[in-house]
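Chains, contacts and geometry: an overview
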Amino acid sequence: MIEQEQGQSSGKAGEARRWVGGAVFLVGLVGTLAFFAFFPGLPHVIDWGAVLASLAVATVARWCCLKWVPKRAGKNPGGARGA
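Presented here is an overview of the structure given in this document.

Reading the values: rules and limits
Residues numbered from 1 in each chain as written. Predicted model: local features only at pLDDT ≥ 70, side-chain atom pairs only at ≥ 80, totals over all residues. Heavy atoms only, no water. Helix = DSSP H or I, 4+ residues; strand = E, 2+ residues; numbered from the N terminus. Buried < 20%, exposed > 50% of the residue type's maximum accessible area, 1.4 Å probe, protein only. Contact = heavy atoms within 4.5 Å. Areas by Shrake-Rupley, 256 points an atom, 1.4 Å probe, with all protein chains shown as cover. Phe/Tyr/Trp six-rings, centres within 6.5 Å; stacked < 30°, edge-to-face > 60°.

1. As for the overall build of the protein
- Broken down by element type, the protein carries two helices and zero strands.
- By residue count, 12% of the 83 residues in the protein fall in the buried class.
- Pairs at least 24 residues apart make up 55% of the contacts formed inside the protein by residues separated by at least 6 positions.
- If you sum the accessible surface of the protein, you get close to 6700 Å²; carbon and sulfur atoms cover 69% of it.

2. Description of the side chain of T32
- Among the structural elements, T32 can be located in helix α1 (residues 2-38).
- Filtering out sequence-adjacent residues up to four positions away, T32 remains in contact with A53, S54 and V57.

3. Focus on the packing of aromatic side chains
- Scanning all chains against the criterion turns up two aromatic pairs.
- Taking 5.6 Å as the distance between ring centres and 70 degrees as the angle between the ring planes, the aromatic pair formed by F35 and F36 counts as edge-to-face.
- Owing to a relative accessible area of 25%, F36 belongs among the partly exposed residues under this scheme.
- Considering the side-chain rings of F35 and F39, the 4.7 Å spacing of their centres and the 35 degrees angle between planes classify their relative orientation as tilted.
- Classification of F39 by relative accessible area gives partly exposed; the value is 41%.
- Pairwise contacts between aromatic rings join F35, F36 and F39 into one cluster.

All quantities given are derived from atomic positions and should not be read as evidence of function.
Right under this line is the structure:
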């Protein structure tokens with residue numbers, strides 16, 4: 001019985017990590033492209049260098065987030081706030 005509950009909670013945690021990782025990737029990608037497109041002083045052109053830099057920044061942001069989430073989850077077992 002306990003193993004089933006742990007299996008379900010680990011499945012939910014894995015799915016949540018995927019969603020968080022995907023969201024962070026998209027925010028990093030769009031944020032970096034917006035920086036290259038609208039920052040004063042830069043040419044307002046999105047070229048392949050900007051696209052590759054945006055993908056690199058988004059990948060690093062996702063990696064950092066996925067490394068940070070388990071550390072934060074370990075501080076608050078059970079997932080309840082304030083408990």
